[in-house]
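Observations on the model geometry
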Amino acid sequence: MKITKICCIGAGYVGGPSCAVIAHKCPDVTVTVVDLSQERIDQWNSDNLPIFEPGLEEVVKSCRGKNLFFSTEIDKTIIEAELIIISVNTPTKTYGLGKGRAADLKYIESAARKIAEVSTSSKVVVEKSTVPVKAAESVNNILSANHKHGVRYQVLSNPEFLAEGTAISDLLFPDRVLIGGPQTPEGREAIDALSWVYQHWIPMEKIITMNTWSSELSKLAANAFLAQRISSINAMSAICEATGADVSEVSHAIGTDTRIGARFLQASIGFGGSCFQKDVLNLVYLSECLNLPEVAAYWQQVIEMNEYQKRRFANRIISALFNTVANKKIAIFGFAFKKDTADTRETPSLYICKYLMEEAALVSIYDPKVDHKQIVSDLTDPAVSDKETVDKLVTITTDPYEAAKGAHAIVICTEWDEFKTYNYQRIYDSMLKPAFIFDGRMILDHQSLLELGYHVETVGRRLVRNSVNRLQAMPK
Ligand SMILES: NC(=O)c1ccc[n+]([C@@H]2O[C@H](COP(=O)([O-])OP(=O)(O)OC[C@H]3O[C@@H](n4cnc5c(N)ncnc54)[C@H](O)[C@@H]3O)[C@@H](O)[C@H]2O)c1
Ligand SMILES: O=c1ccn([C@@H]2O[C@H](COP(=O)(O)OP(=O)(O)O[C@H]3O[C@H](CO)[C@@H](O)[C@H](O)[C@H]3O)[C@@H](O)[C@H]2O)c(=O)[nH]1
């Protein structure tokens, strides 16, 4: 089977970058990314791409208009392609059965129905969205129940492992590419066709093939394991704060054990992003549906610990500020869920703002990349706050020094590199005293901040100034 044309349905954080890299690496293939949203497609076709991702612009510009296209002509693009990648959103359901836990597969279903409706030739359909186990079977059922004479479909699972902020390097140099598919001659042929695309830049030994269900479950398992590591180190951070141990030292000590490994052991104010919570909840729901309550409870605890960590950090801010933040200006540095992205989905910063606003704090938010409108829209979500409260309590600035001026405290919510480079003496001079810094990402030089006179609090470590103004762990 020869692949000359690929159609990707969904021009989001995954569809856009992953197809840009495919087009960049496969000049012999035409890749067209389609979306229902004209606005999104227009942005992909402009100088102002809809998402910020280091290196993305260069890759897009290298092939856009040559073998990479962004379009709303969904039917035509599907008809012409031999391989169709489904990369639509699969958010947590907000209604009905499984509300708050199950993945909402309505976008996957509508993409599958559209393929069945318009296709006039056989297709390989690739499920790249993150889905519950057996979703490919549902896609297959929709396609085969609606197929036209002579049109056949092979449905593959090819989950995406890119992380935001590093998407381009993750796509160029992935640890592995996973392809699950039917273990039949036609299934193997389809797996080989998709594998051929990746072989343009990825060594064969990194392309792992398996059955569809294993592939679907592996994606949920990978995210659950990663999220669980963060919740585990965050649980340790609470013990550190209560005992005088230092969570960075504990991370280092356990991370040097090659069986454990060093990555994803950074204590924080909790994990955010559109994936971890959604996918762990998805796994919890799946376990419940499979009548495995103990397994469900085990993974649910990863989420509970994350909620606890966000709430615990906000409570520490309130308690350090003499048990009240009402009418106190608090500068929030960072609104994105991690550095090098403007994505705010499930960002812990939003929860910290929400908890502080519930205590009537005046929050002044600065983020180097997140759009003003996005911050307002997140804060005015009914689950967070209302417009009147936001108007009263929130200011959003484009200048970190302005955000901190006259504030009682600075809270570091995102690990942006630029936060390390600020003139903290100048900031200190402009703040009310005592001036507090709550470093929720453990990125600042705490010793020098203490020397400047700040009261510093961070995750997993208690700091006090001793007689010579040296940093030391708090004795119990
Ligand atoms: N964001 C990540 O870092 C990441 C990483 C790996 C996997 N994933 C998974 O990839 C999937 C996509 O995530 P995302 O962050 O790119 O989502 P997204 O919301 O950024 O993009 C999804 C796009 O699909 C479009 N869409 C929805 N239904 C459509 C339809 N029927 N036809 C055409 N377009 C349609 C939407 O308009 C939207 O632009 C999800 O399942 C997610 O869990 C995301
Ligand atoms: O040691 C760590 C590592 C991360 N985080 C936080 O965890 C969240 C998620 O970070 P990261 O995993 O780097 O970003 P995502 O873009 O959410 O990527 C995850 O989710 C994607 C969507 O499924 C997967 O494809 C990726 O492999 C997986 O890393 C962020 O809030 C981070 O600040 C920590 O608190 N401590």
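Just so we're clear, the structure is a prediction, and the values are computed from it rather than from any experiment. (Residues numbered from 1 in each chain as written. Chains lettered and ligands numbered in written order. Predicted model: local features only at pLDDT ≥ 70, side-chain atom pairs only at ≥ 80, totals over all residues. Heavy atoms only, no water.)

With that settled, consider the overall build of the protein chain. The helix and strand tally for the protein chain stands at 18 helices and 16 strands. Here the C-alpha atoms of the protein chain give a radius of gyration of 24 Å, agreeing with the 23 Å that 2.2 N^0.38 yields for 476 residues. With respect to the principal axes defined by its C-alpha atoms, the protein chain has extents near 80 × 45 × 45 Å. Considering the protein chain as a whole, with its 476 residues, one finds that 52% of them fall into the buried category. Considering only contacts within the protein chain whose residues lie at least 6 apart along the sequence, 74% involve residues at least 24 apart. (Helix = DSSP H or I, 4+ residues; strand = E, 2+ residues; numbered from the N terminus. Rg over C-alpha atoms; globule rule 2.2 N^0.38 Å. Buried < 20%, exposed > 50% of the residue type's maximum accessible area, 1.4 Å probe, protein only. Contact = heavy atoms within 4.5 Å.)

Taking 1.5 Å of rise per residue, 32 residues should cover 46 Å, and helix α9 (residues 212–243) covers 47 Å from first to last C-alpha, within 8% of that figure. Where α9 begins, the capping side chain belongs to N211, and its oxygen is found 2.9 Å from the backbone nitrogen of W213. Count one or two residues on from α9 and you reach G244, which has phi positive near 100°. (Expected span 1.5 Å × (residues − 1). Polar contact = N/O pair within 3.5 Å; in protein donor to acceptor, adjacent residues only side chain to side chain.)

So, on to the site of ligand 2. Inspection of the region around ligand 2 gives 21 residues, with F161, L162, S268, C275 and R441 positioned closest. The contact in question runs from an oxygen atom of ligand 2 to an N or O atom on the side chain of S268, over 2.6 Å. In this structure, an oxygen atom belonging to ligand 2 sits 2.9 Å away from a main-chain N or O atom of G272. In isolation ligand 2 has 690 Å² of accessible area, and contact with the protein removes 90% of it. Listing elements by their share of the shell around ligand 2, those giving two or more residues are α9 and α11 (276–289). Considered class by class, the residues forming the shell around ligand 2 number 11 nonpolar, four polar and six charged. (Near = heavy atom within 4 Å. Areas by Shrake-Rupley, 256 points an atom, 1.4 Å probe, with all protein chains shown as cover. Nonpolar A, V, L, I, M, F, W, Y, C, P; charged D, E, K, R; others polar.)

Assignment of secondary structure puts K373 in helix α14 (residues 372–379). Relative accessible area serves as the criterion here: at 66%, K373 is assigned to the exposed category. Between the C-alpha atoms of K373 and I396, which are 23 residues apart in sequence, the distance is 9.7 Å.

Take the environment of N323 next. By the secondary structure assignment, N323 is in the loop between α12 (293–320) and β9 (329–333). A relative accessible area of 60% means that N323 is categorised as exposed. In this structure the C-alpha to C-alpha distance between N323 and D381, which are 58 residues apart in sequence, comes to 27 Å.

UniProt's entry tags residues 331–446 with the feature "domain: UDP-glucose/GDP-mannose dehydrogenase C-terminal" (unreviewed entry), counted in the numbering of this structure. From the first C-alpha to the last, residues 331–446 spans 18 Å; its make-up is 34% helix and 17% strand. (UniProt positions renumbered as here; feature names shortened; annotations may be inferred.)

A word on the nonpolar core. Formed by 64 residues in total, the largest nonpolar core has its most connected members in F333, L379, Y424 and Y454. Per-element tally for this core: the top contributor is helix α13 (residues 348–358), with seven residues. With sequence-adjacent residues up to four places away left out, Y424 is seen in contact with F333, I412, F419, I437, L444, L449, L452 and Y454. Formed by 44 residues, the second largest nonpolar core is a distinct cluster that contains V21, I41, W44 and L56. (Core = buried A, V, L, I, M, F, W, Y, C linked by side-chain atoms within 4.5 Å.)

Looking now at the site of ligand 1. Taken together, the neighbourhood of ligand 1 is formed by 26 residues, with V14, D35, T90, E164 and K278 sitting nearest. Within the backbone of Y13, an N or O atom sits 3.0 Å from an oxygen atom of ligand 1. Calculation on ligand 1 without its partners gives an accessible area of 840 Å², and the protein chains cover 92% of this total. Sort the elements by how many residues they give to the shell around ligand 1 and helix α5 (residues 106–118) lands first, with three residues.

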